[in-house]
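Here are the chains, one letter per residue:
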Amino acid sequence: MISLLILIIIPNLTHQRKHAQSVHTTAMSSVVQAQVDAYTSQHPTIKSVGFAELTREGYLTRKQVNQAKDEGLKITNNEVTE
């Protein structure tokens, strides 16, 4: 009986973890994109922005940048991509 419960619970936990990670990645992507948009709005002459500029100017913390990079987020042509 216990092994049957384990066989039912483990896949469900794995699914829930993947779903939670997906939700977090989407949220982080939204945060980074909002900061890219804010930066480009305040600096209209700047053609391209990256994590370095966003951190240096205080738009993102280093912790946020590290999380974004760990989740595979990139900034290309002022658009956040996975």
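Above this text is the structure in question.
What this report covers is the structure whose coordinates are included nearby.

Below, the discussion takes up the packing of aromatic side chains. Taken as a whole and assessed by the stated rule, the structure comprises one aromatic pair. Consider the rings of Tyr 39 and Tyr 59, whose centres lie 5.2 Å apart with planes at 75°: the pair is edge-to-face. Placement of the pair is Tyr 39 in helix H1 (residues 2-42) and Tyr 59 in the loop between helix H2 (51-56) and helix H3 (62-70), with a sequence separation of 20 residues. Exposure remark for Tyr 59: the relative accessible area of 19% places this residue in the buried category.

A few words on the nonpolar core. By size, the foremost hydrophobic cluster in this structure holds 14 residues, and its most contacted members are Val 32, Val 36, Phe 51, Leu 54 and Ile 75. Those elements that provide at least two residues to this core are H1, H2 and H3. Of the residues forming this core, the biggest block, four residues, is contributed by H1. Apart from residues lying up to four places away in sequence, Leu 54 is in contact with Gln 35, Val 36, Tyr 39, Val 49, Tyr 59, Leu 60 and Ile 75.

Position of Glu 71 relative to the elements: it lies in the loop between H3 and strand E1 (74-76). Buried within the structure, Glu 71 lacks any salt-bridge partner; its nearest side chain of opposite charge belongs to Arg 17, at an N-O separation of 11 Å. Among the polar contacts listed, one links the side chain of Glu 71 to the side chain of Thr 25, at a separation of 3.0 Å. Setting aside anything within four residues of it in sequence, one finds Glu 71 in contact with Gln 21, His 24, Thr 25 and Met 28.

For the rest of this paragraph, the subject is the environment of Thr 76. Within the secondary structure, Thr 76 is located in strand E1. C-alpha separation for the pair Thr 76 and Gly 50, spaced 26 residues apart in sequence, amounts to 8.1 Å.

Reading the values: rules and limits
- Residues numbered from 1 in each chain as written.
- Predicted model: local features only at pLDDT ≥ 70, side-chain atom pairs only at ≥ 80, totals over all residues.
- Heavy atoms only, no water.
- Phe/Tyr/Trp six-rings, centres within 6.5 Å; stacked < 30°, edge-to-face > 60°.
- Helix = DSSP H or I, 4+ residues; strand = E, 2+ residues; numbered from the N terminus.
- Buried < 20%, exposed > 50% of the residue type's maximum accessible area, 1.4 Å probe, protein only.
- Core = buried A, V, L, I, M, F, W, Y, C linked by side-chain atoms within 4.5 Å.
- Contact = heavy atoms within 4.5 Å.
- Lys, Arg positive; Asp, Glu negative; His and termini not counted.
- Salt bridge = Lys/Arg side-chain N within 4 Å of Asp/Glu carboxyl O.
- Polar contact = N/O pair within 3.5 Å; in protein donor to acceptor, adjacent residues only side chain to side chain.

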